[in-house]
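Coordinates in review
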Amino acid sequence: MSRTERSLVVIIIVLLAIAIAAGYLYTRQAVVVPHIVVGSEDSSPIMATHTFSFEKNQITISVPVDAAVYDGAKSTDKSVSVYGNVTESVWVTDSYLEMVNDPAQDQMYTDLIAQFRKIRDDEGLSSDEYLELMAAYTQSLTYETTPDNPTKYPVETVVEGAGDCDDKSVLLAGLLSREGYKVSLLLFSPESHMALGVGSPDSLYKDTGYAYLETTNLSYVGVPPDELEGGVVLTSEPLVVPLGNGTTLYTSGAETAYIHTMSTLAEQKVMGVNAQVQPLASDLTTKQNQIAQLESQMQTMRGAGNIGGYNALVSSHNELVSAYNAELATYRDDVAQGNTYAEVYNYIISHAYDRKGTYAWVMANMPG
C-alpha cells in the first residue's frame with residue numbers, strides 16, 4: 001500500500017469519527033486494496049526457472065522477472081481495509097482481482113504465456129491440454145506454507161518457485177484467465193483452503209458451476225481430493241470468486257472422471273485382494289510347517305527301518321502337499337490380480353501431469 005493510500009485510510013477513519021461525534025453515521029462503503037509499488041532503482045532481472053513433467057516431456061520454463069517488481073510485491077502490505085457494510089464476497093473478490101491483475105505484473109505474465117504458447121504450438125496441444133500444461137507448471141511448484149502468511153502476488157510465487165494453496169491458485173487463475181478460460185477461485189474459509197474452479201460442461205463441484213482443480217499438487221481437473229494435508233476434509237460450500245471474462249471451457253471431464261473411477265476401483269480391488277490373501281498366507285505357512293513335521297517324522301521312521309510306519313504316512317503326506325499346492329496356486333493368482341490393480345492405481349496417481357496418456361493407458365490395461 002502506498003503512502004497516499006495509507007493517508008486515505010486515515011482520512012476515512014477521521015471522517016467517520018467526526019460523523020459519529022456529530023450525531024450521524026458516515027455510511028460510505030469502500031474496499032481499499034494494496035498495490036505493488038515499483039521502485040525506480042535499476043537492477044538485473046531475476047531469472048525464474050522451473051522444470052516439470054508434462055505428458056511425455058520434461059518442460060523447462062525460464063522467464064526474466066523485473067527485480068524491482070518482485071521486491072515491490074514482497075514488501076507490499078497486503079492487508080485490505082473495508083469500510084461500511086461491504087459483504088465478504090465483494091471485498092474478497094475485489095482483493096483477489098487486484099492481486100491477480102496488478103499491472104506491475106503484466107510483463108511477467110506476457111513472458112510466461114509466450115513460452116506456454118510456443119510449447120502449445122510446437123506440440124500441437126488441444127485447448128484442454130494447453131490448460132493442463134499451465135496447471136502442471138503451477139501444481140509442480142514446491143508446496144510450502146508458513147503460519148499466518150498472507151497470499152503472495154503471482155510474481156512472488158514465480159520467482160520463489162513455491163507457495164501454498166492460495167498462492168498457487170492465484171497464479172494459475174491469472175494465467176488461465178488471460179488465455180480466455182472461464183475460471184474462478186474457490187475459497188473454503190472454514191478449512192483455510194483455496195482451489196481453482198475451471199469452467200466445464202461436466203464434473204462440476206457441488207453447486208459452484210465449476211470443475212474443481214487442486215493446485216497444491218499434481219492432480220486431474222474435476223477430481224477433488226479425498227482429504228487435504230493433515231487429514232482435513234472439505235465439507236463447506238466455497239465462496240466462488242470469478243476472475244476475468246473468459247469463456248473457454250475444459251471439455252475432458254468425462255476422461256478425468258473415468259480415470260478417477262478406475263483409480264477408486266483399483267484401490268478397492270487391491271484392498272479386497274489383500275483381505276483375501278492374508279488368511280491364505282497364514283494357512284499356507286501352517287501347511288508348510290505340517291508338511292515339514294510330517295516329512296521329518298517319515299525320515300526318522302525310514303532311518304529306523306520302520307518301513308511300514310513310513311508307508312502309512314505317505315498317503316497323508318501326499319494329500320497335504322496336494323492341498324498346499326492347490327492353495328498356493330490360488331494365492332499366486334490372487335496376488336497377481338492384486339499386483340495388476342496396484343499397477344493401475346500407481347500409474348494413475350503418478351501420472352496426473354498426463355491426462356491424455358493416462359486415459360489411453362488405463363483403457364488398455366485395466367482388467368475387465
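Concerning the overall build of the protein
A tally of helices and strands in the protein yields 10 helices and 10 strands. For the protein, whose C-alpha radius of gyration is 31 Å, the value lies well above the compact-globule estimate of 21 Å for 368 residues. Out of the 368 residues in the protein, the part that is buried amounts to 45%. For the protein, restricting intrachain contacts to residue pairs at least 6 apart in sequence, the fraction spanning at least 24 positions comes to 68%. As presented, the protein carries roughly 18300 Å² of accessible surface, and 52% of it is formed by carbon and sulfur atoms. If you average the places of the 20 positive and of the 45 negative side-chain charges in the protein, the two averages end up 2 Å apart.

Some points on the packing of aromatic side chains
The final tally for this structure, using the stated rule, is seven aromatic pairs. Centre to centre, the rings of Phe-52 and Tyr-137 are 5.8 Å apart; their planes meet at 70 degrees, and the pair counts as edge-to-face. One end of the pair, Phe-52, is in strand β2 (residues 46–54); the other, Tyr-137, is in helix α5 (residues 127–139), with 85 residues separating them in the sequence. As far as the burial class goes, Phe-52 and Tyr-137 line up, both buried. One aromatic cluster is present, built from ring pairs that chain together Phe-52, Phe-116 and Tyr-137. Positioned above the aromatic ring of Tyr-210 is the side chain of Lys-182, whose terminal nitrogen or guanidinium carbon lies 5.4 Å from the ring centre. Arg-302 extends its terminal NZ or CZ atom over the ring of Tyr-310, reaching a point 5.3 Å from the ring centre.

Quick notes on helix α7 (residues 165–178)
Taking 1.5 Å as the rise per residue, α7 with 14 residues should run 20 Å; its terminal C-alpha atoms sit 20 Å apart, in good agreement. With 13 of its 14 residues buried, α7 lies for the most part within the structure. Residue Gly-180 follows α7 closely and has a positive phi angle near 85 degrees.

Side note on the environment of Gln-115
With respect to the helices and strands, the residue Gln-115 is situated in helix α4 (residues 106–123). Relative accessible area serves as the criterion here: at 24%, Gln-115 is assigned to the partly exposed category. Spatially, the C-alpha atom of Gln-115 lies 36 Å from that of Val-233, the residues being 118 residues apart in sequence. What Gln-115 contacts, discounting residues up to four positions off in sequence, is Thr-60, Ile-61, Ser-62 and Val-63.

Points about unusual backbone geometry
For Glu-55, which is not glycine, the phi torsion reads 50 degrees and is therefore positive. For Glu-55, a relative accessible area of 17% translates into the label buried. Positioned with a positive phi, Ser-192 is a non-glycine residue whose angle comes to about 50 degrees. Locating Ser-192 in the fold gives a position in the loop between β7 (183–188) and β8 (193–198).

Brief notes about the pairing of β2
Pairing of β2 with strand β3 (residues 57–65), which is carried by nine bridges, proceeds in the antiparallel orientation. If you follow Thr-51 over to β3, its bridge partner there is Thr-60. Linking two consecutive strands that pair antiparallel, namely β2 and β3, is a turn of two residues; a positive phi of about 50 degrees is found at Glu-55 within it.

Here's the deal with the sheet that holds β8
A sheet is described by the order of its strands in space; here four strands give the open sequence β9-β8-β7-β10, paired in antiparallel fashion. A strand with exactly one partner marks an edge of an open sheet, and here the two such strands are β9 (211–213) and β10 (239–243). Within the sheet, the average angular offset between the axes of one strand and its neighbour, ignoring direction, is 35 degrees. Lying on the sheet, helix α3 (residues 88–101) is in contact with β7, β8 and β10; it crosses β10 at an angle near 40 degrees.

Focus on the pattern of salt bridges
Two side chains bearing opposite charge may form a pair once their charged atoms approach each other closely. The final tally for this structure, using the stated rule, is 13 salt bridges. Ionic pairing is found between Lys-118 and Asp-122, a salt bridge with its closest N-O pair at 2.7 Å. In this pair, Lys-118 and Asp-122 both sit in helix α4, four residues apart, roughly one turn of the helix. Ionic pairing is found between Glu-129 and Lys-356, a salt bridge with its closest N-O pair at 3.9 Å. Taken together, the residues span a long stretch of sequence, with Glu-129 in helix α5 and Lys-356 in helix α10 (residues 355–365) at a distance of 227 residues.

Remarks on the confidence of the model for the protein
Confidence along the protein averages 90 in pLDDT terms, with 92% of residues attaining 70 or more. Here residues 1–26 is modelled with pLDDT under 50, and outside its nearest four sequence neighbours on either side it reaches 25 contacts, counting other chains as well.

Conventions and cut-offs
Residues numbered from 1 in each chain as written. Predicted model: local features only at pLDDT ≥ 70, side-chain atom pairs only at ≥ 80, totals over all residues. Heavy atoms only, no water. Helix = DSSP H or I, 4+ residues; strand = E, 2+ residues; numbered from the N terminus. Rg over C-alpha atoms; globule rule 2.2 N^0.38 Å. Buried < 20%, exposed > 50% of the residue type's maximum accessible area, 1.4 Å probe, protein only. Contact = heavy atoms within 4.5 Å. Areas by Shrake-Rupley, 256 points an atom, 1.4 Å probe, with all protein chains shown as cover. Lys, Arg positive; Asp, Glu negative; His and termini not counted. Charge placed at Lys NZ, Arg CZ, Asp CG, Glu CD. Phe/Tyr/Trp six-rings, centres within 6.5 Å; stacked < 30°, edge-to-face > 60°. Lys NZ or Arg CZ within 6 Å of the ring centre and 35° of its normal. Expected span 1.5 Å × (residues − 1). Pairing = 2+ DSSP bridges. Axes fitted to C-alpha atoms, helices over the stretch in contact; angles between N-to-C directions. Salt bridge = Lys/Arg side-chain N within 4 Å of Asp/Glu carboxyl O. pLDDT = per-residue confidence, 0-100.

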